[in-house]
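Topology and contacts: notes
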Amino acid sequence: MSEENPESLLKNDAGKNKDKVFCTFCPSKVLNQGSATFVNIQFSLPYMQRKGDGQADERESISDYWLVEDMYTFENIGVSNTVENVKYLACADCERGPIGWHDLKTKKSYIALSRVKHA
Ligand SMILES: [Zn+2]
């Protein structure tokens, strides 16, 4: 895997995800192959934790995301808290997150490549 382009192995020629996307903590499937498009967008996500632990203050700046145009595209997805126009997305089963965010204005969702498993 190249340091500069880790996503190049994960996307196909059309920029879609080559592999299925899973939660990193449990077998829950988040997306099927080819259902999301790679985008480079700067967004800070709070660090991962379990639902109920409260919101982390610390944030991680992430720029590699899978763009999901429609919430119905997800195989399984959970939502945690809403902050302003953003709804944080978590695993539907183990509730660990956020693995991405949903923009309430554009209705688009973004899943961080670094917070999911590709298989
Ligand atoms: Zn999970």
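A brief structural summary. (Residues numbered from 1 in each chain as written. Predicted model: local features only at pLDDT ≥ 70, side-chain atom pairs only at ≥ 80, totals over all residues. Heavy atoms only, no water.)

We now examine the environment of isoleucine 99. Mapped onto the elements of the fold, isoleucine 99 is located in the loop between strand 8 (96-97) and strand 9 (100-103). Between the alpha carbons of isoleucine 99 and valine 116 there is a distance of 6.9 Å; along the sequence they are 17 residues apart. (Helix = DSSP H or I, 4+ residues; strand = E, 2+ residues; numbered from the N terminus.)

Relative to the helices and strands, lysine 11 resides in the segment before strand 1 (21-23). Lysine 11 sits in the partly exposed class, given a relative accessible area of 24%. Between the alpha carbons of lysine 11 and glutamine 33 there is a distance of 9.5 Å; along the sequence they are 22 residues apart. Setting aside chain neighbours within four positions, we find lysine 11 in contact with Lys16, Lys18, Phe38 and Trp66. (Buried < 20%, exposed > 50% of the residue type's maximum accessible area, 1.4 Å probe, protein only. Contact = heavy atoms within 4.5 Å.)

Protein coordination of the zinc ion is provided by Cys23 (SG), Cys26 (SG), Cys91 (SG) and Cys94 (SG), with donor distances spanning 2.2 to 2.3 Å. Each of the four donor atoms around the zinc ion contributes to a set of angles spanning 102 to 119 degrees, which defines the coordination as tetrahedral. Sequence spacing of the donor residues for the zinc ion, all on one chain, is C-x2-C-x64-C-x2-C. Of this pair, cysteine 23 sits in strand 1 while cysteine 91 sits in the loop between strand 7 (86-90) and strand 8, placing them 68 residues apart in sequence. (Donors = N, O, S within 2.8 Å, 3.2 Å for Na, K, Ca; no water. Tetrahedral: all angles 85-135°; square planar, octahedral: opposite > 155°, others 65-115°.)

A few words on the sheet that holds strand 7. If you trace the six strands from one edge of the open sheet to the other, you get 3-5-10-9-7-6, paired in antiparallel fashion. Edge positions in the sheet fall to strand 3 (37-46) and strand 6 (78-83), since each has one partner strand and no second. For this sheet, the mean inter-axis angle between neighbouring strands, taken without regard to orientation, is 35 degrees. (Pairing = 2+ DSSP bridges. Axes fitted to C-alpha atoms, helices over the stretch in contact; angles between N-to-C directions.)

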